[in-house]
Amino acid sequence: PDGSRESVDKKSYDGVHIYNEKYASTPPAIFFTQFDGLLNYGMQDFEWDDEAEKDLRDLISWLVSNGVVVELFLTPYHPVLFQRMLSEKPIYAQIEGRFIDVANDLGLRLLGSYDPNKVGCSEREFFDGMHPRGSCMAKALVEIERQDRGAR
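What you see is a predicted model, and the numbers here were worked out from it, not measured in a lab.

1. Regarding helix 4 (residues 50–65)
The end-to-end C-alpha separation of helix 4 is 22 Å, in line with the 22 Å expected for 16 residues at 1.5 Å each. Three or more residues of helix 4 are buried, namely E53, R57 and I60. Buried residues along helix 4 cover an arc of 65 degrees about the axis, so they all sit on one side. Of the exposed residues in helix 4, those oriented more than 90 degrees away from the buried face are W62 and S65. Tucked inside the fold, the buried residues of helix 4 contact strand 3 (71–74) and helix 6 (91–106). For helix 4, the side-chain oxygen to backbone nitrogen distance between the N-cap and E51 is 2.9 Å, and the N-cap itself is D49. After helix 4 finishes, the residue G67 shows a positive phi value of roughly 85 degrees.

2. Things to note about the environment of N66
Position of N66 relative to the elements: it lies in the loop between helix 4 and strand 3. Among the polar contacts made by the side chain of N66, one reaches the side chain of S65 at a distance of 3.4 Å.

3. A few points about the pattern of salt bridges
If charged atoms from side chains of opposite charge come close, those side chains can pair. Summed over the entire model, instances satisfying the criterion amount to 8 salt bridges. D105 serves as the salt-bridge partner of R57, at 3.0 Å between the closest nitrogen and oxygen. Highlighted residues: R57 in helix 4 and D105 in helix 6, separated in sequence by 48 residues. Of the charged contacts in the structure, one is a salt bridge between E125 and K139, with a shortest N-O distance of 2.8 Å. Pair noted here: E125 is in the loop between helix 7 (116–119) and helix 8 (134–151) and K139 is in helix 8, with a separation of 14 residues, a long-range link. Since its relative accessible area comes to 8%, E125 is described here as buried. Each of D50, E53, R57, R98 and D105 takes part in a single network of salt bridges with overlapping partners.

4. Here we look at the nonpolar core
Nonpolar side chains in soluble globular proteins tend to be buried together. Membership of the largest hydrophobic core is limited to 8 residues, which are L74, Y77, L81, F82, M85, Y92, I95 and Y114. Looking at which element gives the most residues to this core, the answer is helix 5 (residues 79–88), with 3 residues. Ignoring any residue separated from it by four or fewer positions in sequence, one finds F82 in contact with Y77, Y114, D115 and P116. The next biggest cluster of nonpolar side chains, apart from the first, holds 6 residues, and it includes I60, L72, V102 and A103.

5. Comments concerning the environment of K139
Classification of K139 as partly exposed rests on a relative accessible area of 31%. Separated by 27 residues in the primary sequence, K139 and G112 have C-alpha atoms spaced 9.2 Å apart. Once you skip the residues sitting within four places of it in the chain, K139 turns out to touch V119, G120, C121 and E125. Reaching out from K139, the side chain makes a polar contact with the backbone oxygen of G120 at a distance of 2.7 Å.

6. Some words on the environment of K118
Tracing the backbone through its elements, the reader meets K118 in helix 7. Contacts of K118, omitting those with residues within four sequence positions, involve E96 and S113.

7. Topic: helix 6
The first and last C-alpha atoms of helix 6 sit 23 Å apart over 16 residues, in line with the 22 Å expected at 1.5 Å per residue. Those residues of helix 6 not exposed but buried are Y92, I95, E96, V102 and A103. For helix 6, the angular spread of the buried residues around the axis is 115 degrees, confining them to a single face. With respect to the buried face of helix 6, the exposed residues turned more than 90 degrees away are N104 and D105. In the stretch just after helix 6, G107 is the one whose phi turns positive, near 70 degrees.

Rules used throughout
- Residues numbered from 1 in each chain as written.
- Predicted model: local features only at pLDDT ≥ 70, side-chain atom pairs only at ≥ 80, totals over all residues.
- Heavy atoms only, no water.
- Helix = DSSP H or I, 4+ residues; strand = E, 2+ residues; numbered from the N terminus.
- Expected span 1.5 Å × (residues − 1).
- Buried < 20%, exposed > 50% of the residue type's maximum accessible area, 1.4 Å probe, protein only.
- Arc of directions from axis to C-beta.
- Contact = heavy atoms within 4.5 Å.
- Polar contact = N/O pair within 3.5 Å; in protein donor to acceptor, adjacent residues only side chain to side chain.
- Salt bridge = Lys/Arg side-chain N within 4 Å of Asp/Glu carboxyl O.
- Core = buried A, V, L, I, M, F, W, Y, C linked by side-chain atoms within 4.5 Å.

Set out below in structure tokens:
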């Protein structure tokens, strides 16, 4: 970083992460080269933990019993990375399925998807393989608003 405001990542008052100018303007061809590493990011030895799922379900049940509205949200991955996940690391689709089961079993609304096509996000709407731009997240919020209007 050169010390300018644009060269440093930031957090806005509402908690939104703001990428530095250099990272935000990285050409897609460069971040495609990083997808190999992202396929295994924190997932080398992943196994679903039934005890952790039970703890999650217990926490959600406790929150709901105390008047907290709980919704689950899955953030989409870049379309190219997601297609590779389906073919090379199907555990990601299985994990999404488990979250869908948790939401259905506990009567929660599950929003978003790891699949960017379900949200309507294009390749141009990602900073990299794992981080959607505001325009992609706005599409998920439109879906939330649409569901809210339909519930009234």
